[in-house]
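# Examining the three-dimensional arrangement
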Amino acid sequence: MRLHANPILIAGLTASLMLALLSGCAVTPDSIVKTPMTAKPVPNEQVAGTSGSIYKAGAYRPLFEDRRARLVGDILTITISENTSANKAGTSSANKSGEVSGAIAAFRGNPIGSATMSASSDLGYEDKAASNASNNFTGNIGVTVIEVYSNGNLLVSGEKQVSFDKGTEFVRFSGVVNPDTIALGNVVPSNRVADARVEYRSGAKVDAAQIANILSRFFLSFIPL
């Protein structure tokens with residue numbers, strides 16, 4: 001008894017195997033934000049209260065205290081407003097031309113009729129190149145103070161994830177904030193943040209779908225249906 005393999009089934013199994021291999025070799029892009037995404041505030045030192053006294057140092061909060069973020073674990077809101085553009089253009093050209101002419105009046109001492117020769121060449125070259133790049137990124141993200149530097153500046157970092165259907169999109173931000181730039185409500189524009197790193201990533205399986213489409217076209221090109 002002889003068994004006949006279905007070519008369509010074999011092609012499908014081969015495509016699945018190649019897709020699995022390609023997916024396994026895929027490398028997730030590295031993140032540009034290297035700091036932790038959040039930090040817990042430092043616990044307050046417990047001070048034993050004295051009996052019979054209204055004032056307790058361990059729970060004291062000034063009545064007119066500035067609520068501006070300044071400690072590890074405090075939260076700020078970063079208003080992302082990045083709009084940059086760059087243009088580059090270059091042109092080069094070159095031209096070269098030449099002309100040669102000559103005449104022969106005699107050959108081996110014998111006069112001959114008028115014989116003239118001429119040659120000319122013309123070479124031209126022109127090259128043009130242009131490059132344009134622009135990006136526009138707007139939005140808001142909450143960040144946490146990760147570290148307080150000795151000069152008072154704040155290292156902040158945060159992440160926001162949004163999962164929709166089968167894909168996950170997330171925004172990451174990190175940078176150094178000068179406390180003087182913190183506005184009311186602990187809001188800081190991104191263009192006032194030093195060493196700012198703004199990142200937008202998506203976990204959608206777009207690349208896998210493109211690979212499957214390529215494999216489908218390859219196998220269907222020679223498999224009869």
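The following paragraphs examine the structure supplied in this document. Being a predicted model, the structure only gives us computed values, none of them experimental. (Residues numbered from 1 in each chain as written. Predicted model: local features only at pLDDT ≥ 70, side-chain atom pairs only at ≥ 80, totals over all residues. Heavy atoms only, no water.)

### Some thoughts on the overall build of the protein chain
- Regarding its fold elements, the protein chain presents two helices and six strands.
- Starting at the N terminus and walking to the C terminus, you meet the elements of the protein chain as α-β-β-β-β-β-β-α.
- Expressed as a percentage of the 225 residues in the protein chain, the buried residues total 17%.
- Long-range contacts, defined as pairs at least 24 residues apart, comprise 66% of the intrachain contacts of the protein chain with a sequence gap of at least 6.
- Carbon and sulfur atoms form 56% of the exposed surface of the protein chain, whose accessible area is close to 17,600 Å². (Helix = DSSP H or I, 4+ residues; strand = E, 2+ residues; numbered from the N terminus. Buried < 20%, exposed > 50% of the residue type's maximum accessible area, 1.4 Å probe, protein only. Contact = heavy atoms within 4.5 Å. Areas by Shrake-Rupley, 256 points an atom, 1.4 Å probe, with all protein chains shown as cover.)

### Looking at unusual backbone geometry
- Not every positive phi belongs to a glycine, and Asn186 is a case in point at roughly 60 degrees.
- Relative to the helices and strands, Asn186 is located in the loop between β4 (167-177) and β5 (187-189).
- In this structure, Asp195 takes a positive phi of about 50 degrees despite not being glycine.
- Structurally, Asp195 can be placed in strand β6 (residues 194-202).

### With respect to the environment of Thr38
- Counting through the fold element by element, Thr38 comes out in the loop between α1 (7-25) and β1 (75-107).
- You can call Thr38 exposed: its relative accessible area is 53%.
- C-alpha of Thr38 to C-alpha of Val72: the two residues are 34 residues apart in sequence and 9.5 Å apart in space.
- The contacts of Thr38, once residues within four sequence positions are left out, are Thr144 and Ile146.

### Some remarks on the pattern of salt bridges
- Tallying each qualifying case throughout the model produces four salt bridges.
- Across the salt bridge formed by Glu199 and Arg172, the nearest N and O atoms sit 3.8 Å from each other. Of this pair, Glu199 sits in strand β6 while Arg172 sits in strand β4, placing them 27 residues apart in sequence.
- Using a relative accessible area of 3% as the deciding quantity, one classes Glu199 as buried.
- Through salt bridges with shared partners, a single network forms among Glu159, Arg172, Glu199 and Arg201. (Salt bridge = Lys/Arg side-chain N within 4 Å of Asp/Glu carboxyl O.)

### Overview of the nonpolar core
- Residues Leu76, Ile78, Val156, Val177 and Val188 are the most contacted members of the largest nonpolar core, which totals 15 residues.
- When residues of this core are traced back to their parent elements, those giving at least two are β1, β2 (110-148), β3 (154-164) and β4.
- Filtering out sequence-adjacent residues up to four positions away, Val177 remains in contact with Leu76, Asn153, Leu154, Val156, Ile182, Val188 and Val193. (Core = buried A, V, L, I, M, F, W, Y, C linked by side-chain atoms within 4.5 Å.)

### Points about the pairing of β4
- Counting buried positions along β4 gives eight out of eleven residues, so the element sits mostly inside the fold.
- Of the strand pairs in this sheet, β3 and β4 are connected by eleven bridges, and their pairing is antiparallel. Looking at β4, one finds that Gly158 is bridged to Phe173.
- In textbook terms, the turn of a hairpin is the stretch between consecutive antiparallel strands, and for β3 and β4 this stretch comprises two residues, one of which, Asp165, has a positive phi near 55 degrees. (Pairing = 2+ DSSP bridges.)

### With respect to the environment of Gly90
- You can see Gly90 is positioned in strand β1.
- For Gly90, a relative accessible area of 35% puts it in the partly exposed group.
- Sequence separation of Gly90 and Lys128 is 38 residues, and the distance between their C-alpha atoms is 5.9 Å.
- For Gly90, the residues in contact, after removing those within four places along its chain, are Asp127, Lys128 and Ala129.

### Points about the side chain of Thr181
- Among the secondary structure elements, Thr181 is positioned in the loop between β4 and β5.
- Looking at Thr181, its side chain comes within polar contact range of the main-chain oxygen of Asn178, at 2.7 Å.
- Ignoring any residue separated from it by four or fewer positions in sequence, one finds Thr181 in contact with Val187, Val188, Pro189 and Arg192. (Polar contact = N/O pair within 3.5 Å; in protein donor to acceptor, adjacent residues only side chain to side chain.)

### With respect to the environment of Glu169
- Inspection of the secondary structure puts Glu169 in strand β4.
- On the basis of relative accessibility, which here comes to 37%, the residue Glu169 falls in the partly exposed class.
- In the structure, Glu169 is positioned 33 residues away from Ser202 in sequence and 4.3 Å away in space, judged by C-alpha atoms.
- Those residues in contact with Glu169 that sit more than four places away from it in its chain are Lys160, Gln161, Val162, Tyr200, Arg201 and Ser202.
- In terms of polar contacts, Glu169 uses its side chain to reach the side chain of Tyr200, at 2.9 Å.

Function cannot be read off these values alone, since they describe shape.
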